[in-house]
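# Secondary and tertiary structure notes
In case you want the letters, here they are:
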Amino acid sequence: MGARDTIHTAVRHVVPPAGLTRALAVQAMVFAVGNGLFQAGSAVFFTRALGLSAAQVGLGLSVAAGVSLLGTVPLGGLTDRYGPQRVWVAGLLLDAALFATYPFVGGFVGFLAVVVALALVGTATGTARQVYSINALPAAERVTAMAYQRSLLNVGFGLGSVLSGLVLAVDTMAAYRGMVWFIAAVFLVTAVFVRRLPRLPEVTRPAEPMSRFAVLRDRPFMTVSLLSGLLTAHQTLYLTVLPLWIITHTDAPKILIAGLVLFNTVLIVLLQVRASRGADTAAGAARASRRGALLIALFCLVVPASGATRGALTVVVLVAAATLLIVAELVESAGTWGLSATLPPAAQRGAYVGALGLGTQVQFLIAPAGLTALGVTTGGWGWYPAAAIFTLVGLALVPAVARAERTPRLGDAVPATPGSVTPVP
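Treat the numbers as computed from the prediction; the structure is a model and nothing was measured. (Residues numbered from 1 in each chain as written. Predicted model: local features only at pLDDT ≥ 70, side-chain atom pairs only at ≥ 80, totals over all residues. Heavy atoms only, no water.)

Looking now at the overall build of the protein chain. Looking only at helices and strands, the protein chain has 14 helices and zero strands in total. Listing each helix as α and each strand as β along the protein chain from the N terminus yields α-α-α-α-α-α-α-α-α-α-α-α-α-α. Computed over its C-alpha atoms, the radius of gyration of the protein chain comes to 21 Å, within 12% of the 22 Å expected for a compact globule of 425 residues. The principal-axis extent of the C-alpha atoms belonging to the protein chain is close to 65 × 55 × 50 Å. The buried share of the protein chain, reckoned over its 425 residues, is 50%. At a minimum sequence separation of 6, the contacts of the protein chain that also span at least 24 residues come to 87%. About 18000 Å² of surface is accessible on the protein chain, with carbon and sulfur atoms providing 69% of the total. Within the protein chain, one finds 28 positive and 14 negative side-chain charges whose respective centroids are separated by 2 Å. (Helix = DSSP H or I, 4+ residues; strand = E, 2+ residues; numbered from the N terminus. Rg over C-alpha atoms; globule rule 2.2 N^0.38 Å. Buried < 20%, exposed > 50% of the residue type's maximum accessible area, 1.4 Å probe, protein only. Contact = heavy atoms within 4.5 Å. Areas by Shrake-Rupley, 256 points an atom, 1.4 Å probe, with all protein chains shown as cover. Lys, Arg positive; Asp, Glu negative; His and termini not counted. Charge placed at Lys NZ, Arg CZ, Asp CG, Glu CD.)

What follows is the structure, given as structure tokens:
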């Protein structure tokens, strides 16, 4: 009976309850099948099918990331102007169209145009998806719903990676063209799915329209954005810095890197919903983010020990360090969702959610080089100042959130009346 109860509890924390929460999680999984398929096979597609060099691919993706950073706030404003569902559907249709054109791209300029367009569309779509979830659900359910979405998102990524393996095994031009057209079809299906979600009533706008960049003047909120964004460096640590450390400073087998990626996926699927408890208020979200920061710092203290161990003990140390970082990712993600659900005003949610992502974009610009320099090129001692940095960020975040919560938001407004789903401020 105990085992049955354990299985039932585990399933309950992976399979979302019926209704809108489940619908949003299922669309996330379907979308992730296409996204995961391309992420796993894109490097080979760019070089084999499009004939680009590795340098051209890297340059194009870097330019796209830079353009996306500049567009984060104004593209979030589109959600406030046209509504999250409309922007979400439009973005998915554009995604499908852009992927369908990939086989016809000729040369670097065409590739650059497509990847930049995809980056901009992805930024707008991601904000719209999050704002829809916030607006459509009661305050107490928002963070949990986003946790279910992330859990099933990882299931979709896993399925996409398996499909990518089949494409790479076939390794023909027809297979690569079929891959991107299949992805386009997945996005079309997702657009239909999103179009059928409940409609939201419009939010009452301020009498005088605000600039899409007005949120940047909200200094307490932008401080939270920067601090919270820096904590998303757990992604860079797990996918970039830790593998480089394993290869250059430990005697662990290289296959362990792939095993740790799978380990990450499994734990997120199983534990993300549980790890999100208590993050549905601004104060609770701040505390979750602080726990995440301290766990990242603890990871930075544990991982250098693997450089001095040998054999099985090295693997044990690395798995322990990876577990700390995964748990940090789980609680930090919940904290970010809680902040995005509680701090932005209803009338400017798109702009504010977009601005909250600016900190993450800054992290992606500085963390890969900075953390690699600290953790890898120093030979190991750089992990300790990195731990101090994350500790300070975590300790600063709670008072920063409290200050932002006390500060009136720009463009605060109340939701308008009726519709099929009542949005909650």
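Tallying each qualifying case throughout the model produces 17 aromatic pairs. Arranged with centres 5.9 Å apart and planes meeting at 55°, the rings of phenylalanine 46 and tyrosine 102 form a pair that is tilted. On the criterion of sequence distance, the pair formed by phenylalanine 46 in helix α2 (residues 20–49) and tyrosine 102 in the loop between α4 (84–101) and α5 (107–136) is long-range, its members being 56 residues apart. Side by side, phenylalanine 46 and tyrosine 102 carry an identical accessibility label, which is buried. By the ring-pair criterion, three or more aromatic residues cluster together here, those being Phe31, Phe38, Phe45, Phe46, Phe99, Tyr102, Phe108, Phe111 and Phe187. The cationic tip of arginine 129 hangs over the ring face of phenylalanine 31; the distance from NZ or CZ to the ring centre is 5.4 Å. (Phe/Tyr/Trp six-rings, centres within 6.5 Å; stacked < 30°, edge-to-face > 60°. Lys NZ or Arg CZ within 6 Å of the ring centre and 35° of its normal.)

The next thing to look at is the pattern of salt bridges. All told, the structure shown has two salt bridges when counted by the stated rule. A salt bridge links arginine 48 to aspartate 171, with the shortest nitrogen-to-oxygen separation between them at 3.2 Å. Note that arginine 48 is positioned in helix α2 and aspartate 171 in the loop between α6 (142–170) and α7 (173–195), a separation of 123 residues in sequence. (Salt bridge = Lys/Arg side-chain N within 4 Å of Asp/Glu carboxyl O.)

Moving on, we come to a nonpolar patch on the surface. A grouping of Leu262, Val266, Leu270 and Leu271 is seen on the molecular surface, where their side chains present a nonpolar patch of about 320 Å² in accessible area. Along the chain, the position of leucine 271 falls in helix α10 (residues 255–275). Leucine 271 gets classed as partly exposed once you look at its relative accessible area, which sits at 30%. (Patch = residues over 30% accessible without salt bridge, like charges linked within 9 Å, V, L, I, M, F, W, Y side chains within 5 Å.)

Quick look at helix α8 (residues 219–231) now. With 13 residues, α8 extends 19 Å from end C-alpha to end C-alpha; this agrees with the ideal 18 Å at 1.5 Å per step. Inspection of α8 places Pro220, Phe221, Met222, Val224, Ser225, Leu227, Ser228, Gly229 and Leu231 among the buried residues, and these make up the whole buried set. In the core, the buried residues of α8 are packed alongside α9 (233–249), α11 (282–302), α12 (312–342), α13 (349–377) and α14 (383–406). (Expected span 1.5 Å × (residues − 1).)

Moving on to α12. With 31 residues, α12 extends 45 Å between its outermost C-alpha atoms, agreeing within 8% with the 45 Å of an ideal straight helix rising 1.5 Å per residue. Counting buried positions over the 31 residues of α12 gives 22, a clear majority of the element.

Looking now at the packing of α8 against α12. Axis separation between α8 and α12 bottoms out at 10 Å; the angle between their running directions is 155°. Here α12 runs roughly antiparallel to α8, going by the angle between their axes. α12 is crossed by α8, and the crossing has left-handed handedness. The residues of α12 that touch α8, namely those facing Val224, Ser228 and Leu231, are Glu332, Thr336 and Leu339. Across the contact of α8 with α12, the residue classes break down as three nonpolar, two polar and one charged. (Axes fitted to C-alpha atoms, helices over the stretch in contact; angles between N-to-C directions. Parallel < 35°, antiparallel > 145°, perpendicular 65-115°, else oblique. Left-handed = near helix turned anticlockwise from the far one by under 90°. Nonpolar A, V, L, I, M, F, W, Y, C, P; charged D, E, K, R; others polar.)

With their axes 9 Å apart at the nearest point, α5 and α6 run at an angle of 135° to one another. In terms of their interaxial angle, α5 and α6 are classed as oblique. As for the relative orientation of α5 and α6, their crossing is right-handed in sense. Here Arg129, Gln130, Ser133 and Ile134 of α5 come into contact with α6, specifically with Arg142, Met146 and Gln149. Grouping the constituent residues of the contact of α5 with α6 by class yields two nonpolar, three polar and two charged.

With respect to the helices, strands and loops of the structure, threonine 79 is situated in helix α3 (residues 54–82). Sequence-distant contacts of threonine 79, that is, excluding residues within four places in its chain, are made with Pro84, Val87, Ala124, Thr127, Ala128, Val131 and Gly350.

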